[in-house]
Amino acid sequence: KAGVTQTPRYLIKTRGQQVTLSCSPISGHRSVSWYQQTPGQGLQFLFEYFSETQRNKGNFPGRFSGRQFSNSRSEMNVSTLELGDSALYLCASSRESNQPQHFGDGTRLSIL
Amino acid sequence: DAKTTQPPSMDCAEGRAANLPCNHSTISGNEYVYWYRQIHSQGPQYIIHGLKNNETNEMASLIITEDRKSSTLILPHATLRDTAVYYCIVRGGWSNFGNEKLTFGTGTRLTIIP
């Protein structure tokens, strides 16, 4: 059974650019959540999507946005990139609410 | 705003049982205890979760005290591949506001010694 797939694995961008990250959840999983992980702040919740609707949102600026498609695949977009956006971005999926979330290996984003 | 307390690091000899403690004294009745681990450069891996009964799966056992204020994750026969950071997380169930987020603390860095 395939796990959560995130693409690309690594990405280098410069300040001011924008970026789109992709997440394919485990087949049959309808909930997709995004997290940011940095050495200083640890893992921080960005948002959660379920059936194409954002249901929960963390404390991040509006430059961070996402969406979910009808096949449950999700994308995350960050606009006007800042140096502090350098992080590992993780996607997690679960079949339904109150089910364990399973993580992908993340996209490591570096901002120069 | 992590709701759990874990020791920052632990060592365990290869082949022995690794017992990782977690305190969650403010846990409420509908909150579950989840355990994840993260090996360097990989995403967190789900291990096990429970509400009040002890749980066991192919990876580990979870022992929750009767008052639910603490728990222990047991890896019965630790191998070198179990070296990782282990996170104990308290998480509520679903609400009208959606799937409750996972709040990771600093975890326990477990090192398996050959």
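Further up the page is the structure itself.
The paragraphs below set out a description of the structure included in this document. (Residues numbered from 1 in each chain as written. Chains lettered and ligands numbered in written order. Predicted model: local features only at pLDDT ≥ 70, side-chain atom pairs only at ≥ 80, totals over all residues. Heavy atoms only, no water.)

1. Quick word on the layout of surface pockets
Step number 1: The volume enclosed by the largest pocket comes to roughly 620 Å³.
Step number 2: Taken together, 25 residues make up the lining of the largest pocket; nearest its centre are Gln-37 of chain A together with Gln-38, Val-85, Tyr-87 and Arg-109 of chain B.
Step number 3: When contributions to the lining of the largest pocket are tallied by element, the ones reaching two or more residues are strand 4 (31–38) and strand 5 (42–50) of chain A together with strand 8 (84–91) and strand 9 (108–113) of chain B.
Step number 4: Here the lining of the largest pocket takes 3 residues from strand 8 of chain B, the largest share from any one element.
Step number 5: Of the residues that constitute the lining of the largest pocket, the class distribution is 9 nonpolar, 14 polar and 2 charged. (1 Å grid on protein atoms, 1.4 Å probe; cavity = no way out; pocket = protein on both sides within 12 Å on 5 of 7 lines; lining within 4 Å. Points joined across faces, edges and corners; volume = space filled by probe spheres on them. Helix = DSSP H or I, 4+ residues; strand = E, 2+ residues; numbered from the N terminus. Nonpolar A, V, L, I, M, F, W, Y, C, P; charged D, E, K, R; others polar.)

2. Some points on the packing of aromatic side chains
Step number 1: Under the criterion given, the structure shown has 12 aromatic pairs over all chains.
Step number 2: Look at Phe-47 of chain A and Tyr-49 of chain A: their rings are 5.7 Å apart centre to centre, the planes differ by 70°, and that puts the pair in the edge-to-face class. Across the pair, exposure class does not vary: Phe-47 of chain A and Tyr-49 of chain A are buried alike.
Step number 3: Judged by centre distance (5.7 Å) and plane angle (90°), the ring pair of Phe-103 of chain A and Tyr-36 of chain B falls under edge-to-face. Separated into two different chains, Phe-103 of chain A in strand 10 (residues 102–103) and Tyr-36 of chain B in strand 3 (residues 32–38) make up a pair that spans both. One exposure class covers both Phe-103 of chain A and Tyr-36 of chain B, and it is buried.
Step number 4: Grouped by ring-pair contacts, the aromatic residues Tyr-35, Phe-45 and Phe-103 of chain A together with Tyr-32, Tyr-34, Tyr-36, Tyr-46, Tyr-87 and Phe-104 of chain B constitute a single cluster.
Step number 5: The ring centre of Phe-50 of chain A lies 4.2 Å from the NZ or CZ of Arg-55 of chain A, which sits over that ring.
Step number 6: Taking NZ or CZ as reference, Arg-91 of chain B lies 5.2 Å from the ring centre of Tyr-34 of chain B, over its face. (Phe/Tyr/Trp six-rings, centres within 6.5 Å; stacked < 30°, edge-to-face > 60°. Buried < 20%, exposed > 50% of the residue type's maximum accessible area, 1.4 Å probe, protein only. Lys NZ or Arg CZ within 6 Å of the ring centre and 35° of its normal.)

3. Describing the sheet that holds strand 5 (residues 55–56) of chain B
Backbone hydrogen bonds hold the strands of a sheet together, and the pairing may be parallel or antiparallel.
Residues and elements named next belong to chain B.
Step number 1: Spatially, 4 strands are ordered 2-7-6-5 in an open sheet, and the strand pairing comes out antiparallel. In this open sheet, the two edge strands, each paired with only one partner strand, are strand 2 (18–23) and strand 5.
Step number 2: In the sheet, strand 5 pairs with strand 6 (residues 61–64) via 2 bridges, with the strands oriented antiparallel. Paired with Glu-55 across the strands is Leu-62, a residue of strand 6. (Pairing = 2+ DSSP bridges.)

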